[in-house]
Amino acid sequence: MISRRDRRSWSAYSPQTLNRVFPNLRLRITHATVAHRKAIAIAADGVMAGRFSALGRSWPERSSADLFPSDLWSCDPVMGTQWPGSDTYTFDIEYRHDGSHGDIKYPWEIGRLQFLPVLAMHGVLSGDDRAIRAIDAAVSSWHDANPPFTGIGWSSGIEVALRAISLIVTRDIVGDRLNVETGQNIARILAASIYWLKRFPSRYSSANNHLIAELAGEYLIGLSLGHPVDEVEKNLADELLKQIFPDGCGGEQSPSYAAFSAELVLLCQAAASERGRDFDRRVGGRLEAFARFVEWLPKAATFGDDDEGRVLTLGDEDDYPGSVAAAIRGFFGGEGFVAPGSPIRSIVFGDPVRGAEKPLGLGVFKDGGVSIWRSAAADEMELVFDHGDLGYLSIAAHGHADALSIALSVGGQPVLVDPGTWLYGSGGIWRDWFRSTMAHNTLHIEGESQSVMSGAFNWSHKANAVLVGQEERLPAGSWALTAQHTGYQRRFGVTHQRRVLYDQGRLVVTDRLLGAARSANLVFQLAAGLVTEIDGSVVRISRDNAPLLELRFPGGDISVASGGSLPGDGGWVSPRFGIKVPAPRIMWRGPVGPNGVDTVIVPCPRF
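Being a predicted model, the structure only gives us computed values, none of them experimental. (Residues numbered from 1 in each chain as written. Predicted model: local features only at pLDDT ≥ 70, side-chain atom pairs only at ≥ 80, totals over all residues. Heavy atoms only, no water.)

Participant: Any chance you could explain the packing of helix α7 (residues 157-174) against helix α11 (residues 255-274) here in plain terms?
Facilitator: A pair of packed helices can be characterised by two numbers: the angle between their axes and the separation between those axes. Contact geometry for α7 and α11: axes closest at 13 Å, N-to-C directions at 45°. With respect to their mutual orientation, α7 and α11 come out oblique. In this structure, α7 crosses over α11, and the sense of that crossing is left-handed. Residue-level inspection shows Ile158, Leu162 and Ile165 of α7 in contact with α11, the latter providing Phe260, Leu264 and Leu267. Per-class residue counts for the contact of α7 with α11 are six nonpolar, no polar and no charged. (Axes fitted to C-alpha atoms, helices over the stretch in contact; angles between N-to-C directions. Helix = DSSP H or I, 4+ residues; strand = E, 2+ residues; numbered from the N terminus. Parallel < 35°, antiparallel > 145°, perpendicular 65-115°, else oblique. Left-handed = near helix turned anticlockwise from the far one by under 90°. Contact = heavy atoms within 4.5 Å. Nonpolar A, V, L, I, M, F, W, Y, C, P; charged D, E, K, R; others polar.)

Participant: Is there a simple way to think about the side chain of arginine 585 in this case?
Facilitator: You can see arginine 585 is positioned in strand β24 (residues 584-592). Within the structure, the side chain of arginine 585 is placed 2.8 Å from the backbone oxygen of methionine 438, a separation counted as a polar contact. Here arginine 585 is in contact with Trp433, Met438, His444, Val523, Phe524, Gln525, Ser559, Val560, Ala561, Gly568, Gly570 and Gly571, once residues within four sequence places are set aside. (Polar contact = N/O pair within 3.5 Å; in protein donor to acceptor, adjacent residues only side chain to side chain.)

Participant: Honestly, the pairing of strand β16 (residues 506-514) in this entry has me stumped. Any pointers?
Facilitator: One face of the sheet, then the other: side chains in a regular strand alternate in exactly this way. Strand direction decides the pairing type here: strand β15 (residues 495-503) and β16, joined by nine bridges, are antiparallel. Among the inter-strand pairings, arginine 498 is bridged to a residue of β16, identified as aspartate 511. The turn joining β15 and β16, which pair antiparallel and follow one another in sequence, is formed by two residues; a positive phi near 55° is taken by glutamine 504. Pairing between β16 and strand β25 (residues 597-603): five bridges, direction antiparallel. (Pairing = 2+ DSSP bridges.)

Participant: Honestly, the sheet that holds strand β13 (residues 465-471) in this entry has me stumped. Any pointers?
Facilitator: Taken together, eight strands build an open sheet; the order of strands is β13-β14-β15-β16-β25-β20-β19-β18 and the sheet is antiparallel. Each of the sheet's edge strands pairs with one partner strand only, and the pair in question is β13 and β18 (531-535). Ignoring strand direction, the axes of neighbouring strands in this sheet form an average angle of 20°. Where β18 and strand β19 (residues 538-543) come together, five bridges link them in antiparallel fashion. Its bridge partner being in β19, isoleucine 534 is matched across the sheet by valine 539.

Participant: Got a minute to help me understand helix α5 (residues 116-126) in this structure?
Facilitator: Owing to its 3.6 residues per turn, the α-helix brings residues three or four apart onto one side. α5 sits mainly inside the fold: nine of its 11 residues count as buried. Within α5 the residues assigned to the buried category are Leu116, Pro117, Val118, Leu119, Ala120, Met121, His122, Gly123 and Leu125. Looking at the buried residues of α5, the elements they touch are α2 (25-30), α3 (34-48), α6 (129-145), α7 and α14 (343-349). Phi turns positive, to about 75°, at glycine 127, one or two residues after α5. (Buried < 20%, exposed > 50% of the residue type's maximum accessible area, 1.4 Å probe, protein only.)

Participant: I would appreciate a short explanation of the environment of isoleucine 42 in the present structure.
Facilitator: By the secondary structure assignment, isoleucine 42 is in helix α3. Considered as a pair, isoleucine 42 and phenylalanine 115 are 73 residues apart in the sequence and their alpha carbons are 12 Å apart.

Participant: So what exactly am I meant to see when it comes to the nonpolar core here?
Facilitator: In globular proteins that are soluble, nonpolar side chains generally tend to be buried together. Formed by 130 residues in total, the largest nonpolar core has its most connected members in Phe22, Phe115, Leu119 and Leu220. Of all the elements, α11 adds the most residues to this core, at 13 residues. When sequence neighbours within four positions are dropped, the list of residues in contact with leucine 119 reads Ala44, Val47, Met48, Ala131, Ala134 and Ile135. Counting 47 residues, the second-largest nonpolar core is a separate cluster that includes Leu404, Val494, Leu513 and Ala527. (Core = buried A, V, L, I, M, F, W, Y, C linked by side-chain atoms within 4.5 Å.)

Participant: I tried to follow the environment of glycine 411 on my own but got confused; where do I start?
Facilitator: Here glycine 411 is to be found in the loop between β8 (406-410) and β9 (413-416). Owing to a relative accessible area of 22%, glycine 411 belongs among the partly exposed residues under this scheme. Residues glycine 411 and glutamine 269, 142 residues apart in the sequence, show an inter-C-alpha distance of 37 Å.

Participant: Which parts of the structure should I look at to understand the packing of aromatic side chains?
Facilitator: Two aromatic rings, taken as a pair, are described by how far apart their centres are and by the angle between their planes. All chains considered together, the criterion is met by 32 aromatic pairs. Here tryptophan 373 and tryptophan 479 contribute two aromatic rings whose centre-to-centre distance is 5.7 Å and whose plane-to-plane angle is 55°, an arrangement assigned as tilted. In this pair, tryptophan 373 sits in strand β6 (residues 370-374) while tryptophan 479 sits in strand β14 (residues 479-485), placing the two residues 106 residues apart along the sequence. On the accessibility criterion, tryptophan 479 (6% relative accessible area) is buried. Stacked on the ring of tryptophan 154, the Lys or Arg arginine 163 has its end atom at 5.5 Å from the ring centre. For arginine 431, the ring lying beneath its charged end belongs to phenylalanine 457, and the centroid distance is 4.8 Å. (Phe/Tyr/Trp six-rings, centres within 6.5 Å; stacked < 30°, edge-to-face > 60°. Lys NZ or Arg CZ within 6 Å of the ring centre and 35° of its normal.)

Structural data, given as structure tokens:
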């Protein structure tokens, strides 16, 4: 490959004159609120003190005199191992299935350099030259440790793109205060990055959010280098319209991945606006459709994978989709129901004009296969019913086998929950568990998932799910939805159908197996910290001695288990990437046939 020859040094990428992509950004930073200034200062101080945290982990602290040693960019902070570096051609590194070095997500995360825009903003707001010198040191270290195209930093286009975006934003904020060598290093990195992105785009079944990130990186680098970008813009808009459906749901069946894609495209639209360029007219409506969908979602609701990927970030935030939705509303001048979750996003995109109430009642998103209900009663129940397909494109890389699962919050607190993600390449059998039907709040047969896995991001057989009915002739305030999936037809000769009814303050979940009666299992995974009590066919759920719900089952065998050394021993939830904690998992076992079985969910009085 030509790229093997190019990896010897940076000599093929001479420094170029760079344009400012966000010419007005520095001025907007100077208008930051007191709260935003404080949050940025805290985050920047952590970087300058040698601290870095992401994905639920903290990297070993470094001396302020040596903030960015060369081995930082290949370090796995969990295992304390080093991934191959500049002596290894990037495509010779096996990171998808070989977990001996750790999980590739960790060194990739710090290699995105997303702390640089934070340092740059702090440098503008405080005048602190330490922040500028830290930027110089980080860029120099990364440049010297990662010549093209070696080590893990070049092994995935999404990483190349996100790092380039961080450098572009940083340079636009404080480029005139960086030393000359830093500016030259940034120019070389950007030139090598756009070569790489054009040469190795994600294709076919891998053309998911990765492709949107690569196109966004190519678009913004193109603006910086003065390259034509019209075709890139069209391709980026085309991909957004494929990956976020007309109703606003994400095709990857993951709110966080849809938010990530939306933030990437919004940043490109913001760049075009700052430079007086028109942007593809199709984009704004689709981004606002995504914002409307998120406004229905309960706070921090999740399904499918979530690797906590961000485009602009100060660090941890508890409602990333909500923050991106607020940024969309702020950029387009609309109302928004949530306060922005990230000061850095508020500065770049703006805030919603004014607050709005969360929608009440039932919202059905047929394109994406998600229905959401929010009660107006004192019990404040919020339900998510997943009746969508497995995921996007043929491998559905980030989908979970969770068709017909439900999640339920009461009083703003999660009760019945999606289990989460855990880990990717190094997750092993636990990666499989968190993707499996058995870990989700739906029905399974004989410990078999609806969809059959064939790797950490692949499926050999996919269940097809569809919403088959929305009942309208019900008393006022009541509703019923019926959906089904085909995942068990081939192996067991049955179709799983689930009806969810809300009537007179209670939910009735009816599960049927169409075609034959079989022994089956119903799972209800609870949030961590909840307590259960079994009383005959009733399971009572409480938090801090306060009753929350009763689950009333139709007889049968009921068990509750939490934790365990092996998947399936009990319940586990992953509140964030790389973290798993034990949590009660209720399981009912019994015969299910065409007539169905009812599980009645009754909220306990709160007053």
